[in-house]
Amino acid sequence: MKIAFATQDLVSVDAHFGSAKHIRIYEMDQDGAFLLETHTFDGNLQEDGNEDKLAPKLASISECAILYVAAIGGSAASRVIAQAIHPIRVTESEPIDGLLDSLQALLRGTPPPWLRKALGKGKERILDFEEEEVAA
């Protein structure tokens, strides 16, 4: 499962999605996590309602199941959710390593429904219903 983190300092989740200088993407499973790539964005990243700056960020996280942010606007959040990505807002700056550890602990136990859904992103759903006899 791929996890994205909006960051200014490359170490913690400390950025608004639209104004983040970097998006770090990790591959994670219950056994561990490793950094896949870091996307760097420049130009005018101010929180000004400019929707054009969102397109490259949305493209960079398209394969992710979860996005951690310090904040995210309503329009951006709806576009993230439309890509079947679960956004998670942290209330204060948190180290990425700590968030990954917490997520792995959830995976090792009984994951909550939102995490089970995120785990299924990009996988084919198989619905196997046995034929039932219908009494007439």
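Draft legend 1. Region of interest: helix 3 (residues 96-108). Between its first and last C-alpha, helix 3 extends 18 Å over 13 residues, near the 18 Å set by a 1.5 Å rise per residue. For helix 3, the set of buried residues is Ile96, Leu99, Leu100, Leu103, Gln104 and Leu107. End-on, the buried residues of helix 3 take up no more than an arc of 135°, which puts them together on one face.

Draft legend 2. A look at the side chain of Arg24. Mapped onto the secondary structure, Arg24 falls in strand 3 (residues 22-29). Only 2.8 Å separates the side chain of Arg24 from the backbone oxygen of Leu10, close enough to count as a polar contact. Beyond its immediate stretch of four places on either side in the chain, Arg24 contacts Ile3, Ala4, Phe5, Thr7, Leu10, Leu35, Glu37, Thr38 and Ile96.

Draft legend 3. Highlighting the pairing of strand 4 (residues 32-40). Of the strand pairs in this sheet, strand 3 and strand 4 are connected by eight bridges, and their pairing is antiparallel. Counterpart to Tyr26 in the pairing with strand 4 is Leu35. Remark: two residues form the turn of the hairpin made by strand 3 and strand 4, two consecutive strands paired antiparallel.

Rules used in this analysis
- Residues numbered from 1 in each chain as written.
- Predicted model: local features only at pLDDT ≥ 70, side-chain atom pairs only at ≥ 80, totals over all residues.
- Heavy atoms only, no water.
- Helix = DSSP H or I, 4+ residues; strand = E, 2+ residues; numbered from the N terminus.
- Expected span 1.5 Å × (residues − 1).
- Buried < 20%, exposed > 50% of the residue type's maximum accessible area, 1.4 Å probe, protein only.
- Arc of directions from axis to C-beta.
- Polar contact = N/O pair within 3.5 Å; in protein donor to acceptor, adjacent residues only side chain to side chain.
- Contact = heavy atoms within 4.5 Å.
- Pairing = 2+ DSSP bridges.

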